[in-house]
Amino acid sequence: MALANKKQVEEMADKLTESADSIHERLMKAIRDKEIDQPNAQSIFQDEAILRQRANGLYIDAANSVITDLKQSQTSVIALVDTANKKIKRIRDITKFIDLIADLLVLASAVYAAKPSPIITALQEVKSDIEAIGGE
Amino acid sequence: MQSAPECLIRVMKSIKYAILITLLITIVGCVNLKEVRDFAGESAKLSAYTELTTRFRDTYQREQPYVSGAAETLAKDNDKRRQDAYPDLLKIHKTVSLYMQTLATLAGDETFDLSKGMDDLASGIKTYPNLGIDEKHVDAFSSISKVVAKWITSAYQERAVREMVMDGDPHLQTLLDGMLSLVSYYKKTNDNERKSIVGFFDIEIQYTNTPKDKLLSTLAKAHLQSKNREYQLADARYAEAEKGIMSIKDGHKKIAENIDNLSSLEVKTVIERIAKDIKTIRDNIEAARS
């Protein structure tokens, strides 16, 4: 790229677009004033179209340089997302741990009441809580 | 085993006091992250940039019938380069969107909701009538558990949100600035495309003035009408996309600047308004599609 930075590239593209706009304006006037025949008008319009394609090519250059500029920021943001996801997992672990405590209390109550069936149910709850904490 | 009932009664008594204390701590210490969550959720859903990136990629498809000769050669070359850049252009949006989704989850309420488990616990205890624990105790235990759980997680959650927002803001502002530049390039590219197509008709219609050309001229004018409408709608979408990105920039900056003050009514109102703006922008873009 002969032009140094994306600002310059964009400015150059804007200038090419403006030139194409001026050509078009002048061409339309010439057509309305019947100064120009159809083949000549088409040929001038072709030049205008080429300028617009050149300008659009420069906008792609500018877009590509934005992509390059943003690589580092993207990497940093992805790293932040990973960290946040770890924290989300940790908060979920805390909630699971609280579930365990709650079920342990039920177990304690069941043991105190000395009823076999609630004891077994409560034990199973505690078992699944522990699996939930250990499992992830 | 003998001391167990006394112990249980003592625990229940201390629970009553603990509830009062913990409720106070919770009311004072717990920051409401609802506004942050809503803002991040709305921001993640704004897909205007993605749609316009796709429109940018497909420029050649639309201009192809109207270009020829040297202009066509250039147009094809531009087309290839736009196709090549497309995945990288989309990735920028994906990164921002992923960040916002994660922030919304991190600031989320439902994600870490404990009340279901606690209600199960309460009903679990109620099935043991001979325990000497009456319903009042069960309710007390259930509410204190919820409060304590909420308190533990929300303190951690608050700190995590704070770190994410503070570390993320500079990078996010850079990415959003970049997206603004890109949308302006898309818009300028679209302007040149429009002028190539509309300009073609403007010129050729001028030469279709014989009675023999009546049908051709009418068809051309009708087609031009629909093309003009298409570009008007597209222009509206560029404008809305720019507004949307500006709102996301603004909203995230406000959250970062007021990270220690998120419970203040003023800050909440501002963030809430920005989230609403983003939603409105999304609706407007939806309207500009038809």
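**What to know about the overall build of chain B**
Item 1. A count of helical and extended segments in chain B gives nine helices and zero strands.
Item 2. The secondary structure elements of chain B, listed N-terminal to C-terminal, are α-α-α-α-α-α-α-α-α.
Item 3. For chain B, buried positions account for 34% of its 290 residues.
Item 4. Excluding contacts between residues fewer than 6 apart, the proportion of contacts in chain B whose partners are at least 24 apart in sequence is 84%.

**With respect to the overall build of chain A**
Item 1. Looking only at helices and strands, one finds three helices and zero strands in chain A.
Item 2. The secondary structure elements of chain A, listed N-terminal to C-terminal, are α-α-α.
Item 3. The buried share among the 136 residues of chain A stands at 32%.
Item 4. Considering only contacts in chain A between residues 6 or more positions apart, those separated by 24 or more positions represent 63%.

**With respect to the interface of chain B and chain A**
Accessible area lost when the parts come together is the quantity often used to give the size of an interface.
Item 1. With 61 residues of chain B at the contact, the number on the chain A side is 51 residues.
Item 2. Only α5 (69–106), α6 (115–126) and α7 (135–206) of chain B provide two or more residues apiece to the side of chain B that touches chain A.
Item 3. Ranked by residue count, the leading element in the side of chain B that touches chain A is α7 of chain B, at 28 residues.

**What to know about the nonpolar core**
Item 1. V36 and V183 of chain B are the most contacted members of the largest nonpolar core, which has 72 residues in total.
Item 2. Broken down by secondary-structure element, the contributors of at least two residues to this core are α1 (6–32) and α2 (38–113) of chain A together with α2 (34–45), α3 (48–57), α5, α7, α8 (214–257) and α9 (265–287) of chain B.
Item 3. With 16 residues, α2 of chain A is the largest single contributor of residues to this core.
Item 4. Setting aside chain neighbours within four positions, we find V36 of chain B in contact with A107, V161, I255, L262 and I271 of chain B.

**Some words on the packing of α2 of chain B against α5 of chain B**
All names here are of chain B.
Item 1. Closest axis-to-axis distance for the α2/α5 pair is 8 Å, and the angle between their directions is 150°. For the element pair α2 / α5, the angle class is roughly antiparallel. α2 and α5 meet at a crossing whose hand is left-handed. Counted together, R37, A40, G41, S43 and A44 of α2 and S97, M100, Q101, L103 and A104 of α5 form the full contact between these two elements.
Item 2. The residue makeup of the contact of α2 with α5, split by class, is five nonpolar, four polar and one charged.

**A short note on the environment of I50 of chain A**
Item 1. Summarising the element assignment, I50 of chain A is placed in helix α2.
Item 2. Through-space distance from the C-alpha of I50 of chain A to that of I23 of chain A is 12 Å; in sequence the pair is 27 residues apart.
Item 3. What I50 of chain A contacts, discounting residues up to four positions off in sequence, is A70, A71 and L74 of chain B.

**Things to note about the packing of α2 of chain B against α9 of chain B**
All names here are of chain B.
Item 1. In the contact formed by α2 and α9, the axes pass within 9 Å of each other and the chain directions differ by 20°. What the angle tells us is that α2 and α9 run roughly parallel. For the pair α2 and α9, the sense of crossing is left-handed. Within the contact between the two elements, α2 uses E35, V36, D38, F39, E42, S43 and K45 and α9 uses K268, I271, E272, I274, A275, I278, K279 and R282.
Item 2. Taken together, the residues that form the contact of α2 with α9 break down as six nonpolar, one polar and eight charged.

**Thoughts on unusual backbone geometry**
Item 1. Unusually for a residue other than glycine, K34 of chain A sits at a positive phi of about 55°.
Item 2. Residue placement: K34 of chain A occurs in the loop between α1 and α2.

**Observations regarding α3 of chain B**
Item 1. Within the span of α3 of chain B, buried status applies to A48, Y49, L52, T53 and F56 of chain B. Here the buried residues of α3 of chain B occupy an arc of 130° about the axis, which is enough to place them on one side.

**Details of the environment of L175 of chain B**
Item 1. Residue position: L175 of chain B is located in helix α7.
Item 2. Between the C-alpha atom of L175 of chain B and that of T95 of chain B, which follows or precedes it by 80 residues, the distance is 8.9 Å.
Item 3. The residues contacting L175 of chain B, other than those within four sequence positions of it, are L70, S73, Q74 and V77 of chain A together with I92, T95 and V96 of chain B.

**A short note on α9 of chain B**
Residue and element names in this part refer to chain B.
Item 1. The end-to-end C-alpha distance of α9, which contains 23 residues, comes to 33 Å, matching closely the 33 Å that a straight helix rising 1.5 Å per residue would cover.
Item 2. What α9 keeps buried is the set I271, I274, A275, I278, I281 and I285.
Item 3. At its buried positions, α9 is contacted by α2, α3 and α8.

**Remarks on the environment of V106 of chain A**
Item 1. One can find V106 of chain A in helix α2.
Item 2. In this structure, the C-alpha to C-alpha distance between V106 of chain A and A41 of chain A, residues 65 residues apart in sequence, is 90 Å.

**A look at the confidence of the model for chain B**
All names here are of chain B.
Item 1. Residues at a pLDDT of 70 or more form 74% of chain B, whose mean pLDDT is 83.
Item 2. Within chain B, the lowest mean pLDDT, 54, falls on helix α1 (residues 4–29), and the highest, 96, falls on helix α4 (residues 59–63).
Item 3. Of the regions scoring below 50 in pLDDT, residues 24–29 engages in four contacts with residues more than four places distant in sequence or in other chains.
Item 4. Two summary scores accompany this predicted model of the complex, namely pTM at 0.79 and ipTM at 0.78.

**Structural notes on the confidence of the model for chain A**
Item 1. The pLDDT averaged across chain A works out to 85; a share of 89% of its residues lies at or above 70.
Item 2. Here helix α3 (residues 116–135) of chain A is the element of chain A with the lowest mean pLDDT, 71, and α1 of chain A is the one with the highest, 95.

Reading the values: rules and limits
Residues numbered from 1 in each chain as written. Chains lettered and ligands numbered in written order. Predicted model: local features only at pLDDT ≥ 70, side-chain atom pairs only at ≥ 80, totals over all residues. Helix = DSSP H or I, 4+ residues; strand = E, 2+ residues; numbered from the N terminus. Buried ≥ 20, exposed ≤ 12 C-beta atoms within 10 Å, placed from the backbone. Contact = placed C-beta atoms within 7 Å. Core = buried A, V, L, I, M, F, W, Y, C linked by C-beta atoms within 7 Å. Axes fitted to C-alpha atoms, helices over the stretch in contact; angles between N-to-C directions. Parallel < 35°, antiparallel > 145°, perpendicular 65-115°, else oblique. Left-handed = near helix turned anticlockwise from the far one by under 90°. Nonpolar A, V, L, I, M, F, W, Y, C, P; charged D, E, K, R; others polar. Arc of directions from axis to C-beta. Expected span 1.5 Å × (residues − 1). pLDDT = per-residue confidence, 0-100.

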